[in-house]
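Residue strings, one per chain:
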Amino acid sequence: MIDEKWLPVIGFEGWYEVSDAGRVRRVQKSQGTPGAGRILKPAIARDKRATVCLWKKNKSEHRHVHRLVAMAFLPPDDIRPHVNHKDGNPSNNHHVNLEWVTRSE
């Protein structure tokens, strides 16, 4: 990706990063860390949204990729807690395709 920007995954800083194009990678913590810098392959959930399994301190958490992108690249919105894909395509997790919305929106 040209000029792909990477930011830390909120809650997993130093462990994972998410890009503005909707990709997630493991961060190298030290020389020789297995899997460091590796792009994660997302699984597709029943709701057709991409999910990744993130590990920290021997605990795993499954997260939707679109939420990770929104939390990293969109200004927070206390009134609108849900993330919407503007084009209706749940596999398009680019930051310009995401927006914070209310449940009714």
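The preceding data block contains the structure.
Model, not experiment: these values are computed from the prediction. (Residues numbered from 1 in each chain as written. Predicted model: local features only at pLDDT ≥ 70, side-chain atom pairs only at ≥ 80, totals over all residues. Heavy atoms only, no water.)

(A) Local environment of the overall build of the protein chain. A tally of regular secondary structure across the protein chain gives one helix and eight strands. Taking 2.2 N^0.38 as the reference for a compact globule, 105 residues should give roughly 13 Å; the C-alpha atoms of the protein chain span a radius of gyration of 14 Å, in line with that estimate. When burial is assessed residue by residue, the protein chain has 34% of its 105 residues classed as buried. At a minimum sequence separation of 6, the contacts of the protein chain that also span at least 24 residues come to 32%. Positive and negative charge centroids in the protein chain, built from 18 and 12 side chains respectively, lie 9 Å apart. (Helix = DSSP H or I, 4+ residues; strand = E, 2+ residues; numbered from the N terminus. Rg over C-alpha atoms; globule rule 2.2 N^0.38 Å. Buried < 20%, exposed > 50% of the residue type's maximum accessible area, 1.4 Å probe, protein only. Contact = heavy atoms within 4.5 Å. Lys, Arg positive; Asp, Glu negative; His and termini not counted. Charge placed at Lys NZ, Arg CZ, Asp CG, Glu CD.)

(B) Representation of the sheet that holds strand 2 (residues 16-19) in the model. Pairing within the open sheet is antiparallel, and its three strands lie in the order 1-2-3. Whereas interior strands pair on both sides, the edge strands pair on one side only; in this sheet they are strand 1 (6-8) and strand 3 (24-26). When the angles between neighbouring strand axes are averaged without regard to direction, this sheet yields 35°. Across the face of the sheet, helix 1 (residues 65-73) comes into contact with strand 1, strand 2 and strand 3 while running at roughly 85° to strand 2. (Pairing = 2+ DSSP bridges. Axes fitted to C-alpha atoms, helices over the stretch in contact; angles between N-to-C directions.)

(C) Spotlight on the sheet that holds strand 5 (residues 50-56). With antiparallel pairing, three strands are arranged side by side in an open sheet as 4-5-6. The strands lining the two open edges of the sheet, one partner per strand, are strand 4 (43-44) and strand 6 (59-64). Along the sheet face, helix 1 touches strand 5 and strand 6 and points at about 85° away from the line of strand 6.

None of the figures reported here should be taken as evidence of function without further support.
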